[in-house]
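Summary of the model geometry
So you can see what is in the structure, the chains are spelled out below.
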Amino acid sequence: MIMVKAFARYRALLGFSELELPAAPTLGDLLLDARLAPLPPEALLAVNQSFADRATALADGDEVALMPPVSGG
């Protein structure tokens, strides 16, 4: 299983703060799950607390974080 954590406004958008999903070969494959369909393409993605892209390989027990882009001044 993969633990998916949604942060900030993505919690309301996706309707969860944490969700367990079956393991998938890559992050891109995991993001095909219908429960993640509302996720915008500009979302920041992390696997095990390191930024990742959709080609990142996943393993059972990984943690995926979904974060909105940030800006500052």
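Above: the structure in question.
The following refers to the structure shown. Keep in mind it's a predicted model, so treat the numbers as computed, not measured. (Residues numbered from 1 in each chain as written. Predicted model: local features only at pLDDT ≥ 70, side-chain atom pairs only at ≥ 80, totals over all residues. Heavy atoms only, no water.)

Observations concerning the sheet that holds strand β4 (residues 50–51)
Taken in spatial order, the five strands make up an open sheet running β2-β1-β5-β3-β4, and their pairing is mixed. The two strands at the open ends of the sheet, each matched to only one other strand, are β2 (18–21) and β4. Pairing between strand β1 (residues 2–6) and strand β5 (residues 63–67): four bridges, direction parallel. Within the sheet, the bridge partner assigned to Val4 lies in β5 and is Val64. (Pairing = 2+ DSSP bridges. Helix = DSSP H or I, 4+ residues; strand = E, 2+ residues; numbered from the N terminus.)

With respect to the pattern of salt bridges
Tallied over the entire structure, the rule returns three salt bridges. Salt-bridge contacts for Lys5 lead to Glu18; the nearest nitrogen and oxygen are separated by 3.7 Å. Separated by 13 residues along the polypeptide, Lys5 in strand β1 and Glu18 in strand β2 bring together distant segments of the chain. For the salt bridge of Lys5 with Glu63, the shortest nitrogen-to-oxygen distance reads 3.1 Å. Taken together, the residues span a long stretch of sequence, with Lys5 in strand β1 and Glu63 in strand β5 at a distance of 58 residues. By sharing partners, the salt bridges in this structure join Lys5, Glu18 and Glu63 into a single network. (Salt bridge = Lys/Arg side-chain N within 4 Å of Asp/Glu carboxyl O.)

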